[in-house]
Amino acid sequence: MTLRIDITGMPPERLRFAVSPLAELAAMLHALAGTAHHPRFAAWAAGVRGALRPELAERLQEAEFLWRSSRADFLLPARPKGSLKQELDDVDAIDDEAYVLSALVTTCGSNRVHFGDASPLTDAGARERALEQAQARGAVQEAFAERLLTDPGVVRRRVRETLEQCGEAFFEAAWADVVPRLAADVQVKTSLREREGIGPALASVSSAVTLAARADGDASIVVDKLQDNATRARTDGVTLIPTVFGSPHLVAVHARGWRPVMQYPAAEPGAAEHAVSMDVIERRLQALSHPVRLRLVRTLARSPHTTGELAAAWELTAPEVSRHLAVMRKAGLLVAERRGRYVYYSLDASALTALGTDLLSAMLR
């Protein structure tokens, strides 16, 4: 499943890296609402929640679906500005219909909220469908959608006020700490794009983002996401925004009529890129799904073995063991070392650890 962004003919400079205060505030709000995804910020989140005024805590709860699971498009600016106020001013300039549709995607818990040419602000049928989808998500979402469709201006002002209060309560202090790192990340990736082009710049963002270019000149950015979608950015370009608080998520917004925006984890200082693609994860899980290979892995976790030793230990034929070892080597789970006439295989514990400490512990029992 992928998001494909058609960039055929797009000049490299329209792949823009930029820092966004509003996008990072949205990432902080996401970390506050979903601490299970962000254990490294658990202490920070606990401190923020403990210091929140009750009114602001209530406001955040009534609108947290705008940033909890996905991200409303207007929270990721296509043209970032230097301050939170400037970016919120740009959000105010969005017309009601675009704002409402963007909010409904997260309120209804689906990126498939479509009404055709009908507007839920003016069409009774579209309004009813929106409220039904919001109701299925819960009473808070239903109440928010009802208010949004009845008087979008009131809701928009309240959301802005909530974001401004977050700025004063916790964002400004945290922003001062992270903005140098975000700016440095933007500088590095912009320089890479200028020196080597779009492909290497995208590769530096995430292993889940690649450039698919064909001999006929067609080119697309391919993003490994849960849904199959496509959009175009030949003219407007694409904006990429680094985040500290949003790590490890890769967020992409691409509503019709909006410039595609991606928010990606900023590089860790002094750390090499270690994320692997979903294809690699899938190969590793499939390799471990076979009971014979699980037995072989448990054996190799203790000490290196040759093919013949593994065959003898488990009463298998050498060709059968070789086939299983080939699958696991292709998945990156094994290391081979030649010692004279023999090839010894051992488990790559780091690859297994990356899949989960419980799995490694089970293999070592």
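Reading the values: rules and limits
- Residues numbered from 1 in each chain as written.
- Predicted model: local features only at pLDDT ≥ 70, side-chain atom pairs only at ≥ 80, totals over all residues.
- Heavy atoms only, no water.
- Salt bridge = Lys/Arg side-chain N within 4 Å of Asp/Glu carboxyl O.
- Helix = DSSP H or I, 4+ residues; strand = E, 2+ residues; numbered from the N terminus.
- Buried < 20%, exposed > 50% of the residue type's maximum accessible area, 1.4 Å probe, protein only.
- Axes fitted to C-alpha atoms, helices over the stretch in contact; angles between N-to-C directions.
- Parallel < 35°, antiparallel > 145°, perpendicular 65-115°, else oblique.
- Contact = heavy atoms within 4.5 Å.
- Nonpolar A, V, L, I, M, F, W, Y, C, P; charged D, E, K, R; others polar.
- Core = buried A, V, L, I, M, F, W, Y, C linked by side-chain atoms within 4.5 Å.
- Pairing = 2+ DSSP bridges.
- Phe/Tyr/Trp six-rings, centres within 6.5 Å; stacked < 30°, edge-to-face > 60°.
- Lys NZ or Arg CZ within 6 Å of the ring centre and 35° of its normal.
- 1 Å grid on protein atoms, 1.4 Å probe; cavity = no way out; pocket = protein on both sides within 12 Å on 5 of 7 lines; lining within 4 Å.
- Points joined across faces, edges and corners; volume = space filled by probe spheres on them.
- Polar contact = N/O pair within 3.5 Å; in protein donor to acceptor, adjacent residues only side chain to side chain.

Brief notes about the pattern of salt bridges
Applying the stated criterion across every chain, the model contains 20 salt bridges. Salt-bridge contacts for Arg 232 lead to Asp 6; the nearest nitrogen and oxygen are separated by 3.7 Å. Of this pair, Arg 232 sits in strand β5 (residues 229-232) while Asp 6 sits in strand β1 (residues 2-6), placing them 226 residues apart in sequence. By relative accessible area, which is 14% here, Asp 6 ends up buried. The partner of Asp 216 in a salt bridge is Arg 214, with the nearest N and O atoms 2.6 Å apart.

Observations regarding unusual backbone geometry
The amide bond that connects Ser 247 to the next residue, Pro 248, takes the cis arrangement and shows omega of 15°. Tracing the sequence through the fold places Pro 248 in the loop between β6 (238-243) and β7 (251-253). Here the phi dihedral of Glu 315 falls at roughly 55°; this positive angle occurs in a residue that is not glycine. Position of Glu 315 among the secondary structure elements: in the loop between α12 (307-314) and α13 (318-330).

Here's the deal with the packing of helix α4 (residues 84-92) against helix α8 (residues 152-196)
Where α4 contacts α8, the axes come no closer than 11 Å and their chain directions differ by 170°. It follows that α4 is roughly antiparallel to α8 by the angle criterion. Taking contact as the criterion, the partners of Leu 84, Lys 85, Leu 88, Asp 89, Val 91 and Asp 92 in α4 are, on α8, Arg 156, Arg 160, Leu 163, Glu 164, Gly 167 and Phe 171. For the contact of α4 with α8, the class distribution of residues is 5 nonpolar, 1 polar and 6 charged.

Some words on the nonpolar core
With 73 residues, the main nonpolar core has Leu 15, Leu 66, Phe 170 and Ile 221 as its most contacted residues. Top element by residues in this core is α8. It accounts for 11 residues. Grouped together as the second largest cluster of nonpolar side chains are 19 residues, Ala 287, Leu 296, Leu 347 and Ala 351 included.

With respect to the sheet that holds strand β2 (residues 15-17)
Sheet strands pair via backbone hydrogen bonds, and the direction of the pair is either parallel or antiparallel. Spatial strand order, β2-β6-β8-β7: 4 strands in an open sheet with mixed pairing. Because the sheet does not close on itself, it has two edges, and the strands there are β2 and β7. The average angle at which neighbouring strand axes cross in this sheet is 20°, direction not considered. Alignment of β7 against strand β8 (residues 261-265), held across 3 bridges, turns out to be antiparallel. Along β8, the bridge assignment pairs Val 253 with Val 261. Along the sheet, helix α1 (residues 21-33) contacts β6 and β8; its crossing angle with β6, the most-contacted strand, is approximately 50°. Strands in contact with α8 are β2, β6 and β8; relative to β2, the strand with the most contacts, it is inclined by about 155°.

What to know about the packing of aromatic side chains
Inspection of the entire model under this criterion finds 7 aromatic pairs. A ring pair is formed by Trp 44 and Phe 245, whose centres lie 4.6 Å apart and whose planes are at 55°; its orientation type is tilted. Note that Trp 44 is positioned in helix α2 (residues 42-51) and Phe 245 in the loop between β6 and β7, a separation of 201 residues in sequence. The class for Phe 245 is buried, based on a relative accessible area of 5%. Ring pairing ties together the aromatic residues Phe 41, Trp 44, Phe 170 and Phe 245, which thus form one cluster. The ring of Tyr 344 is capped by Arg 339, whose NZ or CZ atom sits 4.3 Å from the centre of that ring.

Let's talk about empty space enclosed by the protein
Per the counting criterion, the structure on display carries 1 cavity of 30 Å³ or more. What lines the largest cavity is simply Leu 22, Phe 74, Leu 75, Leu 88, Val 91, Asp 92, Tyr 99, Arg 156, Val 159, Arg 160 and Leu 163. Per-element tally for the lining of the largest cavity: the top contributor is α8, with 4 residues. In terms of residue class, the lining of the largest cavity is built from 8 nonpolar, no polar and 3 charged.

Re the layout of surface pockets
In this model, the second largest pocket occupies a volume close to 350 Å³. What lines the second largest pocket is a set of 18 residues, and nearest its centre among them are Pro 77, Ala 78, Arg 79, Ile 94 and Trp 258. In terms of residues, the lining of the second largest pocket owes the most to one element, α4, which gives 3 residues. Its residues assigned to classes, the lining of the second largest pocket shows 9 nonpolar, 1 polar and 8 charged.

Side note on the side chain of Asp 6
Among the polar contacts listed, one links the side chain of Asp 6 to the side chain of Thr 8, at a separation of 2.7 Å. Polar side-chain contacts of Asp 6 include one of 2.8 Å to the side chain of Arg 234. Apart from residues no more than four positions distant in its own chain, Asp 6 is found in contact with Ala 219, Ser 220, Thr 231, Arg 232, Ala 233 and Arg 234.

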